[in-house]
Amino acid sequence: MRHIPKLSFWRMAGVAAVAALFVAACGSTTTTPKTTSGGTVTFAELPSAPPSYIFPMASGTYFSVTNLSDFSQLMYIPLFWFGNTSSSPVFNSALSIGNQPTFTDNNTVVNITLKHWEWSNGQPITSRDVIFWMNMLSAVTAPTAPAVGSSSAPGPGWGAAVPGDFPQNVVSYSATGTYSLTMKLNASYNPTWFLYNELSQITPLPQASWDELSTAGPIGNYDTSAAARMPIPNSSPTTYMPKVVGTGSTGALGVAQFLNSQSQSLGTYQGNPLWQVVSGPFVLKDFTTAGYAKMVPNKNYSGSPKPTISAFVEEPFTTDTAEFNALKAGSLTIGAIPAQDITQKALLEKSGYTFNPWYSFGFTYFPYNFTEPTTGPIMQQLYFRQAFQSLVNQDQYIKDFLAGYGVPTNGPVPTYPTGNPDASPLESNGLVYPYSASKAVSLLTAHGWSVKPGGLTTCTKPGTAADECGKNIASGAQLSFRLLYAQGSVALTNEMEALQSTAEQVAGIKLTLSTGPFQQVIGTAFNGCTFSTPCSGWDMANWGGGWVYSPDYFPTGGEILGTGASSNGGDYSNPTNDHNIQATHTASNQTAELKALFTYEDYLAQQLPVVYMPTTPYQLTMYKSNLNGLTHQGIFDELYPQFYSFS
Amino acid sequence: MSAADPTANLPLAGALPEGGEGYRSGSMWRLILAVFFENRLAIVGLGIIVFMVLFSYVGPLIYRTQQVFNNPNIAHLGPSLAHPLGTDQVGYDNLGRLMLGGQSSLEVGFAAAIIAVLVGVIWGAVSGLAGGIVDTIMMRIVDAMLAVPFLVALILLGAIFTTSTLELIVVIGLVAWLVPARLVRGETLSLRVREYVQAVRVMGGSTRRVLFRHIIPNTVGVIVVNATFQVADAIIAVATLSFLGIGVPPPATNWGGELSNGLSYIYAGYWWLIYPAGLAIVLTVVAFNFVGDALRDALEVRLQRR
């Protein structure tokens, strides 16, 4: 297949080159010190964001960096690994279980081969383990899958699911050997996109240990109920789903539900034999419901390098202040310095820590709940979103709350690494909607709102004409919204309080703030709100981050902003945007691919599907200076403790 | 001799009468006030409480600041003439913030104490007077609720309710009524067998009359003393909840929330965000405890000189 190396080379050469330049500019080149094996690395989890899910197939409720990139993936590594210790957002064949796939038949067939790796119990990782994932993924994402679980214990799902995309764009998949399989696609796709955003979703799972329906039940082949596929009725182009999905207690869906329920049982992690069969460099040894996790090396890890530290410990904290106290006390090997304590950087450096901001290939935002019956119609109005975005003073937040560590977000494609070729000129050249109080007021006034600075703005001209409030907005409707945000971060609290104050003072937009733990906020934002099943419990929800492009490593946005996507919190839906996203999937060459990407991101930079907030480093890392292997941190917020050693 | 003569309770000069010391008799309240004001710490406490009330409610009328809309452009300014206690992390004037926080803290403190005492007194008195199975059930409910750690119950309730000043009052009041209930129940058990209570019953007085005219009025000493401690405890409780992030949402605030915010900047050296709020909490709570101690002395018959 000719196209893949070329496109891959383009991404590697382009993005990796700018990353390398950035790293070089940071002056992080060091001589190799003498290292010793052993020692425990203690890593500070984000405040109020402990891991709460171990099963790699996480629904939107659990689809977070803290659960996947920084926890589950240390034990269950994806078939194709992206990113490396040089902070390049590229495919990393060396760390992958699978070899680089090949595309044939005009990019309609994918051929996958696996390296001869083993599970921690000595069993080989085979194509059956990939099929096991595919069967369960097909079942949990099938449109005909019955509702499973409850509001407090959601059923299985997949946070990266997009209707019509993977695995529904796969006509069939089958093993062609112990270590090989093939997939037939429903159309010719851009190989870069298909590898970076579709095949990237696969994580081989230990079928011989996990294919069961209850803790008492025998291991079987229950997942194979979902192997036979059929067209999804009325889909165009034709997409596919299992003929037999199963139920909450049978078939592939039943297995997924069993593993999901086991994963929701945090108190059983420590002794649960399920989680002791791993493919990654580490295996779970201790775990508490508060989020303390101790992982030790998987002695049968087939990849390279093998871990040399004796344990990797993740410590939970409720606030960044508590975490910083632990850092000051020297009890953390890897921690973070909160922005408000940045003046302590030099002191920490003197006491043996090294400062290293952890930049991500992502962007920071929080969603509107477009499905909310009362406020949704207001937030669906572009003029409102423009006015609201104009009240977000990103430059000020960066200067006053983030200690200068951050860049304004202009659109959905990251501008980091600096010079990222994926970022369009419009995104790279500055804010499309910079802070402007007067613009916010004039936009609202021009659309039939009686703006009352310091009070509560109301709609006085209902209707759908250009100078009226808009569809389904009644006379007297108020600009009053509930904004839930994650507790524990001082910088985020300050941002939210500043936004609340500005919105009310300038434009009479009332924001009622409330806080909750990180898991509560993402559970609220990604609980399957759609226009057919709207959610009325929230208007905006800010978990304090945004999206790091994983497992959609090519930032085409379908998994977060495509209609019906699992991680599309608030259910933004725009046919033009969907069309633009689709164009990136089918681009036939590098020029067309970049053009389609620019069209997509420029459109959303202007459409404001979410509230863009300053994009900051994942954290301002402080690590013990005698820790090796952390010079560069994963650009997808992933961890590489198998590279760590002490000198 | 005037009614306010502080010597009214002193022993009579001259020879001791047969039977021991003698005291001029006065009204009960004069006696109580006299004993109360003999306690210098009580006077200090009362002064602090009055000061805090004036500071919180009259202060903002004199020292006017913007406490609804913040201004990050002037965040973290140190103390100056323009801002005697500096500014906080989003640019609020800190002195004005303390005044606003004081209103919330005192309101929650007083109101929660009133709720706790009202509920506790009625519950305890009914339980004690009824006796038998009713008493057993009612007090086992109290015991069961007391077994839940105070802070855990507060956090649980605080997390369930969307916090506002009113809800904080209810939440703290719901947890705080247990102690007064036990105290009043104990007093009631003692009072219900007194002769005057028996007399009321013999004369056909209703249970309600016994309860509200004879039992509860005679527990007023216990109630008043406990109420002062309840205020102090409620102020601590609201400070604790706010410190843990379950306080009132901005732009409202209270001293606990201010202290919590300030501690986030402890390493930045912004002392003006920490000490004033901490001092306000400590002074107010100590002041209520001083007053409570003095009231206990004044209302406790055995400690009074007659």
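Residues numbered from 1 in each chain as written. Chains lettered and ligands numbered in written order. Predicted model: local features only at pLDDT ≥ 70, side-chain atom pairs only at ≥ 80, totals over all residues. Heavy atoms only, no water.

Okay, empty space enclosed by the protein next. On inspection of all chains with the given rule, the structure shows seven cavities of 30 Å³ or more. When its volume is computed, the second largest cavity comes out at roughly 70 Å³. For the lining of the second largest cavity, the per-class residue count stands at seven nonpolar, five polar and one charged. (1 Å grid on protein atoms, 1.4 Å probe; cavity = no way out; pocket = protein on both sides within 12 Å on 5 of 7 lines; lining within 4 Å. Points joined across faces, edges and corners; volume = space filled by probe spheres on them. Nonpolar A, V, L, I, M, F, W, Y, C, P; charged D, E, K, R; others polar.)

Here we take up the interface of chain A and chain B. At the junction of the two partners, chain A supplies 22 residues and chain B supplies 16 residues. On inspection of chain A and its partner chain B, the count reaches zero salt bridges. The interface formed by chain A and chain B holds eight residue pairs in polar contact (both at pLDDT 80 or more) in total. Those elements giving two or more residues to the side of chain A that touches chain B turn out to be helix H6 (320-328), helix H10 (394-401), helix H13 (490-507) and strand E19 (510-516) of chain A. Tallied by class, the residues present in the side of chain A that touches chain B amount to five nonpolar, twelve polar and five charged. (Contact = heavy atoms within 4.5 Å. Salt bridge = Lys/Arg side-chain N within 4 Å of Asp/Glu carboxyl O. Polar contact = N/O pair within 3.5 Å; in protein donor to acceptor, adjacent residues only side chain to side chain. Helix = DSSP H or I, 4+ residues; strand = E, 2+ residues; numbered from the N terminus.)

Residue and element names in this part refer to chain A. One open sheet accounts for three strands, arranged E19-E18-E20; its pairing is parallel. Whereas interior strands pair on both sides, the edge strands pair on one side only; in this sheet they are E19 and strand E20 (540-542). Ignoring which end each strand starts from, the neighbouring axes of this sheet average 20° apart. The sheet strands contacting helix H14 (residues 518-525) are strand E18 (480-486), E19 and E20, and the helix crosses E18 at an angle near 135°. (Pairing = 2+ DSSP bridges. Axes fitted to C-alpha atoms, helices over the stretch in contact; angles between N-to-C directions.)

Before going further, it helps to spend a moment on the sheet that holds strand E6 (residues 170-177) of chain A. Residues and elements named next belong to chain A. Here four strands make up an open sheet; going across it, the order is E4-E5-E7-E6 and the pairing antiparallel. The open sheet is flanked by strand E4 (102-104) and E6, the only strands paired with a single partner. When the angles between neighbouring strand axes are averaged without regard to direction, this sheet yields 20°. By the bridge criterion, six bridges tie E6 to strand E7 (residues 180-185) in an arrangement that is antiparallel.

With that settled, consider unusual backbone geometry. It is generally the case that most residues other than glycine have a negative phi and that most peptide bonds are trans. Residue and element names in this part refer to chain A. That bond from Ser-236 to Pro-237 is cis: its omega, -5°, falls within 30 degrees of zero. Tracing the sequence through the fold places Pro-237 in the loop between strand E8 (229-231) and strand E9 (240-242). A cis amide bond links Ser-304 with the next residue in sequence, Pro-305, at an omega value of 5°. With respect to the helices, strands and loops of the structure, Pro-305 is situated in the loop between strand E11 (293-297) and strand E12 (311-315). Positive phi is not limited to glycine here, since Asn-234 has a value of about 65°. With a phi close to 50°, Leu-608 is a non-glycine residue in the positive phi region.

With that settled, consider helix H11 (residues 220-243) of chain B. When the terminal C-alpha atoms of H11 of chain B are compared, their 34 Å separation across 24 residues agrees well with the 34 Å that a helix rising 1.5 Å per residue should span. One or two steps after H11 of chain B, the chain reaches Gly-245 of chain B, where phi turns positive at roughly 85°. (Expected span 1.5 Å × (residues − 1).)

Right, let's get into the nonpolar core. Residues and elements named next belong to chain A. Among the nonpolar cores identified, the biggest contains 177 residues, and Met-183, Leu-199, Phe-384 and Ile-509 are the most heavily contacted of them. Per element, the largest residue contribution to this core is nine residues, and it comes from helix H2 (residues 127-141). Discounting residues that sit within four places of it in the chain, Leu-199 has contacts with Phe-80, Pro-101, Phe-103, Val-110, Ile-112, Phe-166, Met-183 and Phe-194. (Core = buried A, V, L, I, M, F, W, Y, C linked by side-chain atoms within 4.5 Å. Buried < 20%, exposed > 50% of the residue type's maximum accessible area, 1.4 Å probe, protein only.)

Another aspect to go through is the packing of helix H9 (residues 195-202) of chain B against helix H10 (residues 207-215) of chain B. Residues and elements named next belong to chain B. Where H9 contacts H10, the two axes come as close as 10 Å, and the packing angle between them is 150°. Relative to H10, H9 is oriented roughly antiparallel. Here H9 runs over H10; the crossing is right-handed. On H10, the residues that touch Tyr-196, Val-197, Val-200 and Arg-201 of H9 are Thr-207, Val-210, His-214 and Ile-215. Among the residues making up the contact of H9 with H10, the classes are represented as five nonpolar, two polar and one charged. (Parallel < 35°, antiparallel > 145°, perpendicular 65-115°, else oblique. Left-handed = near helix turned anticlockwise from the far one by under 90°.)

Residue and element names in this part refer to chain A. Taken domain by domain, chain A comprises domain 1 (3-31 + 83-264), domain 2 (282-360 + 631-646) and domain 3 (362-612). A straight line from the C-alpha centre of domain 2 to that of domain 3 covers 32 Å. Contacts between the two partners involve 15 residues from domain 2, matched on the other side by 15 residues from domain 3. Buried area between domain 2 and domain 3, summed over both chains or domains, comes out near 1100 Å², and the portion from carbon and sulfur atoms is 69%. The largest per-residue losses of area from domain 2 upon contact with domain 3 belong to Ala-339, Ser-360 and Phe-636, which jointly make up 41% of the total buried on that side. Our enumeration of links across domain 2 and domain 3 arrives at zero salt bridges. (Domains from an automatic or database assignment. Buried area = accessible area lost by both parts, 1.4 Å probe.)

This part takes up the state of the cysteines. Residue and element names in this part refer to chain A. Scanning the model with the defined rule gives two disulfides over all chains in all. The disulfide partner of Cys-459 is Cys-469, and the S-S distance across this bridge is 2.0 Å. Torsion about the S-S bond of the Cys-459 and Cys-469 cystine: about 110°, corresponding to right-handed handedness. Of the two residues, Cys-459 is situated in strand E17 (residues 458-459) and Cys-469 in the loop between E17 and E18; the sequence distance between them amounts to ten residues. Residue Cys-459 is classed as buried on the basis of its relative accessible area of 2%. By relative accessible area, which is 0% here, Cys-469 ends up buried. Two residues share a disulfide in this structure: Cys-529 and Cys-535, whose sulfurs sit 2.0 Å from each other. (Disulfide = S-S within 2.5 Å.)

Turning to the environment of Thr-215 of chain A, a few remarks are in order. Residue and element names in this part refer to chain A. Looking at where Thr-215 falls in the secondary structure, it is placed in the loop between helix H4 (207-210) and E8. Residue Thr-215 is classed as exposed on the basis of its relative accessible area, which comes to 61%. Separated by 53 residues in sequence, Thr-215 and Thr-268 have C-alpha atoms that sit 12 Å apart.

Residue and element names in this part refer to chain A. The terminal C-alpha atoms of helix H17 (residues 590-607) lie 26 Å apart, and with 18 residues this matches the ideal 26 Å at 1.5 Å per residue to within 8%. Among the residues of H17, Glu-593, Ala-596, Leu-597, Tyr-600, Glu-601, Leu-604, Ala-605 and Gln-607 are the ones counted as buried. A distance of 3.1 Å separates the backbone nitrogen of Thr-591 from a side-chain oxygen at the start of H17, and that oxygen is part of Asn-589. With its phi angle positive at about 50°, Leu-608 sits one or two positions after the end of H17.

Below, the discussion takes up the side chain of Thr-61 of chain A. Relative to the helices and strands, Thr-61 of chain A resides in the loop between strand E1 (40-44) and strand E2 (81-82). When sequence neighbours within four positions are dropped, the list of residues in contact with Thr-61 of chain A reads Pro-154, Gln-519, Ile-522, Gly-523 and Phe-526 of chain A.

With that settled, consider the pattern of salt bridges. Proximity of charged atoms lets side chains of opposite charge pair with each other. Residue and element names in this part refer to chain A. In this structure the tally under the stated criterion is 14 salt bridges over all chains. Residues Asp-400 and Lys-399 are paired through a salt bridge, measuring 3.1 Å at the closest nitrogen-oxygen approach. For Arg-482, the salt bridge is made with Asp-539, and the minimal N-O distance between the two is 3.0 Å. In this pair, Arg-482 is assigned in strand E18 and Asp-539 in the loop between H14 and E20, connecting sequence segments 57 residues apart. The structure contains a network of salt bridges with shared partners spanning Arg-128, Asp-211 and Asp-223.

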